[in-house]
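Residues per chain are reported as follows:
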Amino acid sequence: MQRRSFVHGAGMAGVLAAGVAPAIVHAQAAIRWRLASSFPKSLDTIFGAAEVFAKLVGQMSGGKFQISVHAGGELMPPFGVVDGVQSATVEMAHTAPYYFFGKDPTFALDCAIPFGLNSRQMTAWMYEGNGLKLMREFYAKFNIVNFPMGNTGAQMGGWYRKEIKSLADIKGLKMRIGGFGGAVLARVGGVPQNIPGGEIYQALEKGTIDAAEWVGPYDDQKLGFNKVAQNYYYPAWWEGGPQLTLFVNSKAYEGLSAEYKAMIESAASHAHVEMQAKYDARNPAALKQLVATGTKLFRFPKDVMEGAFKEAQALYSELSASNPSWKKVYEDFATFRRDQNLWFRFTEAGFDDFMQAQKL
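Report on the accompanying structure. (Residues numbered from 1 in each chain as written. Predicted model: local features only at pLDDT ≥ 70, side-chain atom pairs only at ≥ 80, totals over all residues. Heavy atoms only, no water.)

Describing helix 13 (residues 324–346)
- The terminal C-alpha atoms of helix 13, which comprises 23 residues, lie 34 Å apart, in line with the 33 Å expected from a rise of 1.5 Å per residue.
- Residues of helix 13 that are buried include every one of W326, V329, Y330, F333, A334, F336, R337, Q340 and F344, and no others.
- Buried residues in helix 13 make contact with helix 5 (119–127), helix 6 (131–139), helix 12 (302–322) and helix 14 (348–356). (Helix = DSSP H or I, 4+ residues; strand = E, 2+ residues; numbered from the N terminus. Expected span 1.5 Å × (residues − 1). Buried < 20%, exposed > 50% of the residue type's maximum accessible area, 1.4 Å probe, protein only. Contact = heavy atoms within 4.5 Å.)

Some points on the nonpolar core
- Judged by nonpolar contacts, the single largest core of 109 residues is most densely connected at F53, W214, L246 and I264.
- Looking at this core element by element, the count peaks at nine residues for helix 11 (residues 258–292). (Core = buried A, V, L, I, M, F, W, Y, C linked by side-chain atoms within 4.5 Å.)

Overview of a nonpolar patch on the surface
- On the surface, a nonpolar cluster with roughly 490 Å² of combined accessible area is contributed by F351, F354, M355 and L360.
- Examined against the element boundaries, F354 turns out to sit in helix 14.
- The class for F354 is exposed, based on a relative accessible area of 51%. (Patch = residues over 30% accessible without salt bridge, like charges linked within 9 Å, V, L, I, M, F, W, Y side chains within 5 Å. Areas by Shrake-Rupley, 256 points an atom, 1.4 Å probe, with all protein chains shown as cover. Salt bridge = Lys/Arg side-chain N within 4 Å of Asp/Glu carboxyl O.)

Quick notes on the sheet that holds strand 9 (residues 231–234)
- Taking strand neighbours across the sheet as the criterion, the six strands line up as 7-6-8-5-9-11 in an open arrangement whose pairing is mixed. Only two strands of the sheet have a single neighbouring strand rather than two, namely strand 7 (191–193) and strand 11 (296–299).
- By the bridge criterion, two bridges tie strand 6 (residues 174–176) to strand 8 (residues 211–212) in an arrangement that is parallel. Across the sheet, the residue bridging to M175 is A211, located in strand 8. (Pairing = 2+ DSSP bridges.)

Purely geometric stuff here, so don't read any function into it on its own.
Below you can see the structure in the form of structure tokens.
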């Protein structure tokens, strides 16, 4: 894929959305696809990205390319969507790729790994670095074509029944944690639980787990976690900028016209930007409301952060020695991260540090 082709696609999206669709679009065959999401309908931000995508494709195609969006559990289990796309049970899925690190840890690099990239850096790696190219090569063996489609931005570190005062408090802690972060949590003594978003509240309420993380204030308030745990920690060292992804069955995708392919690319990039805009706009008010009703905010102790960082780096070295796919993608990812952090240190971080210290 050309690095800048999505810009051309976005331009086409604007033309079509304005109702100036070229005649060739109207000549396309009418088709109907299904998209399986890993998320519940109640989460209008993360589930809603797939609805935004499908609606835009419908508008750009003049109603000829219709995509029905199905919440996790409707067509298949939330964690069954990769198998669904791979086997062509559905044409598309919208999910967090790190859910599937058990198939291959390389999946996680398309979403988030502990101490990875922030959201802007992730988008830069995908579109202007080698991220999209490398992940396309990896997904080919799963019969999947991938498109970035959403990012939550840096997440909160979750809800805990008891305070975490040191790394020792992680020992034996049963925590719902998504994807690859659980592998590092286990290395510092925690007990990770990979539970779909729609089932977390019940597990936390019943005491099946001691802690849980999802995204951040807006979604967490909707899910009601503050009603069963009051200690809210930050930051999610395992999710500095988790990207959501659109998976498309490769055979179905290749059967599309060039125009329909451009619509998918353009609509996915639009949904990608809109998701984080929603989170950034809605999280501040939700956090204020949570604190006003008794939520206690804590920053993770330094030894928790340092212990997790050390174990994460050790894990990545082990994977690079044993998994060729991981090694190939991670080496590029790590080089990009190093340069990005140097740049952000002098610009974004410097500006943010000053502004956050001001009385506004």
